[in-house]
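Listed below are the residues making up each chain.
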Amino acid sequence: MSWGHRPQANEFSLNSRVLDEAARAVLKSVRIDRTYDVPYVGSCNKKGDTIYIDYELPAHLTYRGKRYDVDRYIVMHEVIEMLLEHQLNFSYRDAHQIATTMERALVMSDGLSWAVYSRFCSRWSQKIAARKVYPRPPKDIDLQPEWDTQDKTRLKRLRLPAKSKRRDSTALRRQRD
């Protein structure tokens, strides 16, 4: 949208067709891998062409008789987050906030209550976070969230070589205003 464009009154309401198109494009642009232990439920590889979703997380959520594809929401979140972090140098926290807003818009455009989806995610996040160790993480997992949040506990639980856990000191992050 250009700055001079003056939108119609309904132009900024949720448009499920546009969100569906975006989700399809995002899903086509990456490979989904559900075979590993993934500390924050979902993550990406360092190249950004693979989205990892924890092996235990159900692929679908059923609510009031309708089945929802959880991968669709997680992949949208992870891709947006990754683009903001790695292409625009946003901190993990800022990128996560924007990605969650997009994820919420997609969930709601599918007719699923955000509260229901949030409870589902919270329950699984807690279960996965409770693991004492992550024995099979992807070797090329992006550790930016752990570094930016200084989550040393989770880094220790990852069964990765020490070299893989080191932060790239040349990576500059956008500072919060």
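This one's a predicted model, so the numbers in the text were calculated from it and none came from an experiment.

Novice: Got a minute to help me understand the packing of aromatic side chains in this structure?
Specialist: Two aromatic rings, taken as a pair, are described by how far apart their centres are and by the angle between their planes. The full count for this structure, using the stated rule, is 4 aromatic pairs. Ring geometry for Tyr 36 versus Tyr 52: centroids 5.5 Å apart, planes at 85°, classification edge-to-face. A residue pair is termed long-range when its members are at least 10 positions apart, and Tyr 36 in the loop between β1 (31-33) and β2 (42-44) and Tyr 52 in strand β3 (residues 50-53) qualify at 16 residues. Residue Tyr 36 is classed as partly exposed on the basis of its relative accessible area of 25%. Each ring, one from Tyr 73 and one from Tyr 117, has its centre 5.2 Å from the other, and the planes form 75°; the classification is edge-to-face. Highlighted residues: Tyr 73 in helix α2 (residues 70-87) and Tyr 117 in helix α4 (residues 114-129), separated in sequence by 44 residues. The same class applies to Tyr 73 and to Tyr 117, which are both buried. Here a set of aromatic residues connected by ring pairs shows up, and it is made of Tyr 73, Trp 114 and Tyr 117.

Novice: Can you help me understand the environment of Thr 50 in this one?
Specialist: Take Thr 50: it is sitting in strand β3. Since its relative accessible area comes to 4%, Thr 50 is described here as buried. As a C-alpha pair, Thr 50 and Val 75 span 25 residues in sequence and 9.5 Å in three-dimensional space. A polar contact is formed between the side chain of Thr 50 and the side chain of Asp 49, at a distance of 3.4 Å.

Novice: Sorry, what's going on with the pairing of β3 here?
Specialist: Across a regular strand the side chains alternate sides, sitting on one face of the sheet and then on the other. Neither face of β3 is left uncovered, since the one carrying Thr 50 and Tyr 52 and the one carrying Ile 51 and Ile 53 both have all their residues buried. Note that β1 and β3 share 3 bridges and pair parallel. When the bridges of β3 are listed, Arg 31 appears paired with Thr 50. Pairing of β2 with β3, which is carried by 3 bridges, proceeds in the antiparallel orientation. Across the sheet, the residue bridging to Ser 43 is Tyr 52, located in β3.

Novice: How should the side chain of Asp 33 be read in this particular structure?
Specialist: Mapped onto the secondary structure, Asp 33 falls in strand β1. By relative accessible area, Asp 33 is classed as buried at 9%. A polar atom in the side chain of Asp 33 sits 2.5 Å from the side chain of Thr 35. Those residues in contact with Asp 33 that lie beyond four places of it in its chain are Thr 50, Ile 51, Tyr 52 and Ile 53.

Definitions and limits used
- Residues numbered from 1 in each chain as written.
- Predicted model: local features only at pLDDT ≥ 70, side-chain atom pairs only at ≥ 80, totals over all residues.
- Heavy atoms only, no water.
- Phe/Tyr/Trp six-rings, centres within 6.5 Å; stacked < 30°, edge-to-face > 60°.
- Helix = DSSP H or I, 4+ residues; strand = E, 2+ residues; numbered from the N terminus.
- Buried < 20%, exposed > 50% of the residue type's maximum accessible area, 1.4 Å probe, protein only.
- Polar contact = N/O pair within 3.5 Å; in protein donor to acceptor, adjacent residues only side chain to side chain.
- Pairing = 2+ DSSP bridges.
- Contact = heavy atoms within 4.5 Å.

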